[in-house]
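Examination of the molecular architecture
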Amino acid sequence: MYNVVFVLGPPGSGKGTICSKIQQNLGYVHLSAGDLLRAERERAGSQFGALIENHIKNGSIVPVEITCSLLENAMIASKDANGFLIDGFPRNEDNLEGWKKQMGGKVNEQFVLFLSCPVDVCIDRCLHRGQGRTDDNVESLKKRVETYNQQTFPIIELFEKVGMVREVNSERPVTEVYDDVVKVFATANQK
Ligand SMILES: Nc1ncnc2c1ncn2[C@@H]1O[C@H](COP(=O)(O)OP(=O)(O)OP(=O)(O)O)[C@@H](O)[C@H]1O
Ligand SMILES: Nc1ccn([C@H]2C[C@H](O)[C@@H](COP(=O)(O)O)O2)c(=O)n1
Ligand SMILES: [Mg+2]
């Protein structure tokens, strides 16, 4: 049984940044769905490269069969980990249904870490990120934010209805955000 924490929030809210610090200090393995998809896009011989790039540039969501298989393979590769941070997933209903179908009975979903941050702050962060991403531009960001508002936030609301969401305001310095995230994990792992 894999222990799983979903990490969700708008593009640029700091999911990757915070997950990296959690991985360093709290023994969870960070799996970024976006990073896994970008790696698959670049993989020699991948049949999904062009499809993934099209979705990334358009800020739309790749079919869950691709993303969920990448996630499960990564979890199998780190099967002795204490837990996994599933960063940027589930991002829509297709993701959620596909996860339930593929991972049902295999995972213990501890909670959803929701990093909340105003969209204008998030967009500015992405435009200054400097990682050479093909989707860190105004056109792609507009589409990514629309996807987040219309498809991903409703998923966060579904989790909220069953008491699984732990919201942390990420419009603060990283150290302050992380201090609160540590408290969330401490409380969750006391149970
Ligand atoms: N609390 C913060 N204060 C200021 N800058 C931050 C903060 N958290 C992250 N950043 C910076 O904002 C940018 C986006 O952060 P990060 O890549 O972690 O976001 P993300 O939620 O993973 O975005 P995406 O969904 O696009 O992958 C990075 O340049 C990062 O260094
Ligand atoms: N569950 C997911 C996660 C990501 N993607 C695609 C579409 C996103 O805009 C892009 C980048 O993700 P990020 O690194 O910003 O978390 O990757 C997806 O299709 N499905
Ligand atoms: Mg990220």
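The paragraphs below set out a description of the structure included in this document. Computed from a predicted model, the values in this text were never measured in an experiment. (Residues numbered from 1 in each chain as written. Chains lettered and ligands numbered in written order. Predicted model: local features only at pLDDT ≥ 70, side-chain atom pairs only at ≥ 80, totals over all residues. Heavy atoms only, no water.)

1. Description of the site of ligand 2
Cut-off, in case you're wondering: One heavy atom within 4 Å of a molecule or strand is enough for the residue carrying it to be called near that molecule or strand. Polar contact is the term for a pair of N or O atoms within 3.5 Å; when the atoms are in protein, one must be able to donate a hydrogen and the other to accept it, and sequence-neighboring residues count only if both atoms are side-chain atoms. Per-residue and other accessible areas were derived by the Shrake-Rupley procedure at a 1.4 Å probe size, with only the shown protein chains allowed to occlude residues. A run of H or I in DSSP becomes a helix once it reaches four residues, and a run of E becomes a strand once it reaches two; helices and strands are each numbered from the N terminus.
Around ligand 2 there are 15 residues in total, and Arg38, Val62, Arg91, Asn95 and Arg133 lie nearest to it. Val62 is positioned such that a nitrogen or oxygen atom in its backbone is 2.7 Å from an oxygen atom of ligand 2. Arg91 is positioned with one of its side-chain polar atoms (N or O) 2.9 Å from an oxygen atom of ligand 2. Expressed as a share of its isolated accessible area of 440 Å², the protein-covered part of ligand 2 is 96%. When residues in the shell around ligand 2 are grouped by element, the largest group, four residues, is from helix H2 (residues 33–42).

2. Here we look at the side chain of Asp87
We apply this condition: Think of it in three bands: with a 1.4 Å probe and only protein chains considered, a residue is buried below 20% of the maximum accessible area for its type, exposed above 50%, and partly exposed in between. In this charge count, Lys and Arg are treated as positive and Asp and Glu as negative; neither His nor the chain ends contribute. Should a side-chain nitrogen of Lys or Arg be within 4 Å of a carboxyl oxygen of Asp or Glu, the pair is scored as a salt bridge. By definition in these notes, contact holds between two residues if any of their heavy atoms fall within 4.5 Å.
Along the chain, the position of Asp87 falls in strand S3 (residues 83–87). Buried charge without a partner: Asp87 forms no salt bridge, and the closest opposite charge is Lys15, 4.9 Å away. Residue contacts for Asp87: discarding those within four places in its chain leaves Val7, Lys15, Gly16, Cys19, His30, Leu31, Ser32 and Ala33.

3. A look at the side chain of Asp136
Assignment of secondary structure puts Asp136 in the loop between helix H6 (119–127) and helix H7 (138–161). Given the relative accessible area of 16%, Asp136 is considered buried. Within polar-contact distance, the side chain of Asp136 engages the side chain of Arg129 at 2.8 Å. With residues up to four places along the chain from it excluded, the contact list for Asp136 reads Cys126, Leu127, Arg129, Leu141 and Arg144.

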